[in-house]
Amino acid sequence: MAQESSNRRPRVVVIGAGFGGIYAAKALGKLPVDVTIIDRKNHHTFQPLLYQVALAVLSPGEIAQPVRSILRKNKNTEVIMDEVLGFDVGARRVHLKSGAEIVYDYLILATGSTHSYFGKDEWAKLAPGLKTLEDATEIRRRVLLVFELAERQKLETGIHPQLNFVIVGGGPTGVELAGAISDIAKLYMANDFRHIDPRKAQVLILEGSPNILGAYPPDLQRKAVEQLHHLGVNTRTEAHVTDIQPGFVMVGDEKIESVCTLWAAGVQASPLGKMLGVETDKRGSVMVDAHLNPFGHPEIFVCGDLAHFEQDGKQVPGVAQPAMQMGAYAAKRIGLIAEGCEAKQKPFRYFDKGDMATIGRKAAVARIVWPFHANWSGFMAWCTWLVVHIFFLIGFRNRFSVFRDWVYTYFRFQDGVRLITGSQDLPGWKTLAHDPSPGENVTPLAMERPIEEVAHS
Ligand SMILES: Cc1cc2nc3c(=O)[nH]c(=O)nc-3n(C[C@H](O)[C@H](O)[C@H](O)COP(=O)(O)OP(=O)(O)OC[C@H]3O[C@@H](n4cnc5c(N)ncnc54)[C@H](O)[C@@H]3O)c2cc1C
C-alpha cells in the first residue's frame, strides 16, 4: 500500500465509491498521481433506482457495478474493499477494519449518509429504510411476503388482515416507494392470486412536515399529491410518528395498522465525518469551504452527502448531481495543486440542473432548471425521468438491460423480479390476523376515501 519514496507521485486516497468517490476517481485516473479507492462494498450502487429493486421491477445487478470494473482502465488506481474505521489526520493515515493503515497526501472523503431513526434505532428492524442493495432486497421480501401470507391465511382461515402499507416520510423516496407498491398490487399482481384481491392493498404516506415533497415548488407538490391519490395512495401531512411496533404505527394516540412499514423519513451523515475532528453540522455533515476543504485542512476534500456546502445562502442538497460535481472538482484541484497552479481554479459552484421524482409507472414531477426552466408533471415528466436515469446509469450492459426490462414490464405488466428469498417471517403478521379488541382506538384503513373510489374518480 502507499509508502513514501523520494520521487514518488502524490498519493490520493478516496473513501467511498458512491457518486462522489467514483466521479473523483475517474477524474484522478487522468492525472499524475497514485490513487487508492476504498469502499466496504465491492460495487457502486445507483441509488436513485434502488426502489425499483425494492419493488421487483429491476434486479440488483442492473443498478450496481463492481468498482474494479468501473475503474479498470485507470492504471494508476488500486481498489480496496474494506471498511474505514477512522483517521490520524496529523499523520495523514487512514485506519481500516482489516488492521491495515494507508498513508495519503490528499484525502477525498465521500462516504455519504445513512438512515436516521431520530434516536429510535429499535424501529430499524420494523421499518427498514432504503439505502443499499441489501435494504432493497429486504423491502422486496417484505412487500411480496405480505401477499403470499395473505393468500395462505385466506385459504386456511377464510380471513386475512387488511393489506395496509405505511410509508413514513413523504420525500422523493417515500413517494416513489408508495407509487410503486400501489402499481405492483393493482397492475402486476392483480391476476396472480386466487383467494385474495391484491388490488385492495392500501398505501399510506405519513409525513411529519406540512407538505409532501417539501423541497419541490408548491405547484409540483400539489400535482404529486393528485397523482398519488389517482393511484390510490393516501397521504397525511403533519403526522408525526410516535411509535412503530410489529403490525402498527402510532401517530400520537392513533393506532394505524400496517402489514408492512417502510422508513423514508430521515438521514444522517456518515459517522466518518465527525472522526476527522473538524466542524460538523447537526446532522454530522462536515462544514467545508469554497474548495470543499474542511476549515484548516487543504489536504482533505469532503464531497457529496457528507459535505455541508453553502451556496447563495442555502445548503446544497444531498442528491446525486452535487456529489458528482464535487468529486470531479476535488480531483481537478488536486491535479492543479500538484502542478502548483491551484490559484487558477475558481471556487466550487454547484450547477443545479433540477430534480425529479416518479409516481408510479407513468407519472412524475420534474423541476427542470437546465437547459430551460420548467416545472413538469405527469407522463412528460416521467419520460424525462426515464431518459435522465438511463443516461446516468454507469455501464452499457446496465443501461441496455434496464431499458429492456422497463419496456417489458411497462407494456406486459409482467413479471419483474418477484422473488422472495430469505426468511418467511413478517414482523407483526400474527398479531394482525386477529380483529382489534373492542374499544381499541384503531384506524384499520387510515384512508380518507376507500381505494376503489379514489382509483375510479
Ligand atoms: C433510495 C434513494 C433514492 C435516491 N434518489 C435520488 C434521485 O432520484 N436523484 C438524486 O439526485 N439523488 C437521489 N438520491 C440521493 C443520492 O443517491 C445521493 O445524494 C448520492 O448517492 C450521494 O453520493 P455520495 O457519493 O455522497 O454517497 P453514496 O452514493 O451514498 O456513497 C457512499 C459510499 O461510501 C461507502 N462507505 C460508507 N461508509 C464507509 C466506510 N466506513 N468505509 C468504506 N466505505 C464506506 C458506501 O458503501 C458507499 O458506496 C437517492 C438516495 C436514495 C438512498
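Residues numbered from 1 in each chain as written. Predicted model: local features only at pLDDT ≥ 70, side-chain atom pairs only at ≥ 80, totals over all residues. Heavy atoms only, no water.

Structural notes on a nonpolar patch on the surface
In step 1: Residues Phe403, Val407 and Phe411 make up a contiguous nonpolar surface patch of about 310 Å² in total accessible area.
In step 2: Note that Phe403 resides in helix 10 (residues 396-412). (Patch = residues over 30% accessible without salt bridge, like charges linked within 9 Å, V, L, I, M, F, W, Y side chains within 5 Å. Areas by Shrake-Rupley, 256 points an atom, 1.4 Å probe, with all protein chains shown as cover. Salt bridge = Lys/Arg side-chain N within 4 Å of Asp/Glu carboxyl O. Helix = DSSP H or I, 4+ residues; strand = E, 2+ residues; numbered from the N terminus.)

Some thoughts on the pairing of strand 24 (residues 354-358)
In step 1: Counted residue by residue, strand 24 has four buried out of five residues, so it is predominantly covered.
In step 2: Alignment of strand 24 against strand 25 (residues 364-368), held across five bridges, turns out to be antiparallel. Paired with Ala357 across the bridge in strand 25 is Val365.
In step 3: Linkage of strand 24 to strand 25, two consecutive antiparallel strands, is achieved through a turn of five residues, within which Gly360 is found at a positive phi near 75 degrees. (Buried < 20%, exposed > 50% of the residue type's maximum accessible area, 1.4 Å probe, protein only. Pairing = 2+ DSSP bridges.)

As for the domain arrangement of the protein
In step 1: Taken domain by domain, the protein comprises domain 1 (11-115 + 267-346) and domain 2 (121-265 + 355-446).
In step 2: Centre-to-centre, using C-alpha coordinates, domain 1 lies 31 Å away from domain 2.
In step 3: Every contact between the two is made by 33 residues of domain 1 and, on the other side, 36 residues of domain 2.
In step 4: For the pair domain 1 and domain 2, the summed buried surface comes to about 3,000 Å²; carbon and sulfur atoms form 66% of the total.
In step 5: Among the residues of domain 1 in contact with domain 2, Tyr51, Leu55 and Glu62 are the three that bury the most area, contributing 22% of the side total.
In step 6: In this assembly, domain 1 and domain 2 are joined by one salt bridge.
In step 7: Every element with two or more residues in the side of domain 1 that touches domain 2 is listed here: helix 1 (19-28), strand 3 (43-45), helix 2 (50-54), strand 4 (64-66), strand 10 (113-115) and helix 8 (320-339). (Domains from an automatic or database assignment. Contact = heavy atoms within 4.5 Å. Buried area = accessible area lost by both parts, 1.4 Å probe.)

As for the sheet that holds strand 2 (residues 34-39)
In step 1: The sheet built from five strands is open, its strands ordered 5-2-1-9-20 with parallel pairing. Looking at strand neighbours, the two that pair on one side only are strand 5 (77-81) and strand 20 (300-302), the edges of this open sheet. Across this sheet, the average inter-strand angle for adjacent strands is 15 degrees, counted without regard to direction.
In step 2: Where strand 2 lies against strand 5, five bridges are found, and the strand directions are parallel. Note that in strand 5 the partner of Thr36 across the bridge is Glu78.
In step 3: With respect to the sheet, helix 8 is in contact with strand 1 (11-15), strand 9 (106-109) and strand 20, its orientation differing from that of strand 9 by roughly 175 degrees. (Axes fitted to C-alpha atoms, helices over the stretch in contact; angles between N-to-C directions.)

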